[in-house]
Amino acid sequence: MGGVRPLGGGPARIHATPAGPRGRERATQEAAPPRAAPDAAVAHGVRQELHDARETIRGLEAALSAAEGAADAARQEAEQARATVAAIARRAEDAEAAIADAERARDAADHERRAVQQQLAKERDHAREQARPTRAVRDALRARGLADEDEAAWAMRGWLDAGRLDEWLEALDAEDPNALAIFLEQRVSLVCDAEGCTPLAGAVVVPVAPERCDVCGGSDTRRALEHFVERCVESGLRRVRIVGGSPNYHTELRRLLGGDRRIELKLIRGDGRRNQNDAKNDQKHADIVIIWGGTILDHSTSGHYDPSAGRVLIVAHRGIAGMLQRATEALGQGQRN
Ligand SMILES: [Zn+2]
């Protein structure tokens, strides 16, 4: 506090002033009576001044102390404020870090979600691929003559209605690649509405135009048989054995041949129950054995017939007219040779 300074001319003057009764008495004895009153007044004034000065000092000290207290309080307050600001700053940093963490977590979740979506899409495509009939099945259906999805669906509905679903599934599931073709061979009949074009027994009938008919193929079956019989006669083949073909086809052939005695036609089932001895016997009593295999030849049947033991002709065609036409052509070639 720069304002504090000694009053009344400084401390030298205060110390020079005697205090106490003895000093006062000496002054009274030495001084002339007229001068005694002013000295006492001066001393009193000085004392008063001293007292006032001390009071002032005490007041100033108290003020200083209060000011120092206030300054301390202010410092503490400032300290607290700084601490509060620091705490808020730390919280802000923490919050920013938390936001950054949350953003990273969100990005990671987005990434994961995209990966899961891609995986799902891939699995969906795969499932769709699996659910779709395989190329092999489509090819087999087409090879059997089912031209489009409608015909394939028609056939499948037919197997379902006929209680052949298990058979169909087994054929699909079989390790033998021929199993499906054999099933389709035996369980589908594509026939036109011509008289005599009778479907295979136990097969689902898919109605088609004559040129796609399994039996006649759009040809005149009666005429095809006539040509065949003529060719057999020309070739000196009277005892004709045909192994294979469905019972319906056999019936139709017998009906068409009627009472014609130019050839002796014997029709033998080709269901795989023919053994080596049966085959040998067939060949012994035949001028020609025609193995009618449809499009799928049953090798357990055809394998028993020995070309060195007699004439054997294998015709892989399911329709009657087509089979007869092919046999006629083959016999003609044999004749020319
Ligand atoms: Zn037909």
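Residues numbered from 1 in each chain as written. Predicted model: local features only at pLDDT ≥ 70, side-chain atom pairs only at ≥ 80, totals over all residues.

1. So, the packing of helix 4 (residues 135-143) against helix 7 (residues 178-187)
Right, on to step 1. Viewed as axis vectors pointing N to C, helix 4 and helix 7 meet at an angle of 35°, and their least axial separation amounts to 10 Å. Between helix 4 and helix 7 lies a crossing whose hand is right-handed. Every residue of helix 7 that contacts helix 4 at V137, A140, L141 and A143 is listed here: L180, A181 and L184.
Right, on to step 2. Residue composition of the contact of helix 4 with helix 7, grouped by class: 7 nonpolar, no polar and no charged. (Axes fitted to C-alpha atoms, helices over the stretch in contact; angles between N-to-C directions. Helix = DSSP H or I, 4+ residues; strand = E, 2+ residues; numbered from the N terminus. Left-handed = near helix turned anticlockwise from the far one by under 90°. Contact = placed C-beta atoms within 7 Å. Nonpolar A, V, L, I, M, F, W, Y, C, P; charged D, E, K, R; others polar.)

2. Focus: the packing of helix 6 (residues 165-173) against helix 7
Right, on to step 1. Between helix 6 and helix 7, the shortest axis-to-axis distance is 7 Å and the interhelical angle comes to 150°. Between helix 6 and helix 7, the angle is such that the two are roughly antiparallel. In the crossing of helix 6 with helix 7, the sense of the turn from one axis to the other is left-handed. Residues E167, W168, A171 and L172 of helix 6 pack against A179, L180 and F183 of helix 7.
Right, on to step 2. Residues belonging to the contact of helix 6 with helix 7 are distributed by class as follows: 6 nonpolar, no polar and 1 charged. (Parallel < 35°, antiparallel > 145°, perpendicular 65-115°, else oblique.)

3. Considerations on the nonpolar core
One recurring pattern in soluble globular proteins is that nonpolar side chains are buried together.
Right, on to step 1. If you look at the biggest cluster of nonpolar residues, it comprises 50 residues, and the most contacted ones within it are V188, V240, V289, I290, I320 and L324.
Right, on to step 2. When neighbours within four sequence positions are excluded, L324 is seen to be in contact with A224, L225 and F228. (Core = buried A, V, L, I, M, F, W, Y, C linked by C-beta atoms within 7 Å. Buried ≥ 20, exposed ≤ 12 C-beta atoms within 10 Å, placed from the backbone.)

4. A short note on the confidence of the model for the chain
Right, on to step 1. Put simply, the chain has an average pLDDT of 84, and 84% of its residues get 70 or more.
Right, on to step 2. When pLDDT is averaged over each element of the chain, strand 2 (residues 204-207) comes out on top at 95 and helix 1 (residues 11-16) at the bottom at 45.
Right, on to step 3. Every residue in residues 1-28 scores below 50 in pLDDT, and together they form 17 contacts with partners more than four places removed in sequence or on other chains. (pLDDT = per-residue confidence, 0-100.)

5. Remarks on the pairing of strand 3 (residues 239-244)
Right, on to step 1. With 5 of 6 residues buried, strand 3 lies mostly within the body of the structure.
Right, on to step 2. Inspection of the sheet shows strand 3 paired to strand 4 (residues 264-268) by 5 bridges, in the parallel sense. Within the sheet, the bridge partner assigned to I242 lies in strand 4 and is L267.
Right, on to step 3. Regarding the hand of the β-α-β motif, the stretch spanning strand 3, helix 9 (residues 247-257) and strand 4 is right-handed.
Right, on to step 4. As judged from the 5 bridges shared by strand 3 and strand 5 (residues 288-292), these two strands associate in the parallel manner. Residue I242 lies in a different strand from strand 5, and its bridge partner there is I290. (Pairing = 2+ DSSP bridges. Right-handed = clockwise from strand over helix to strand, strands pointing away.)

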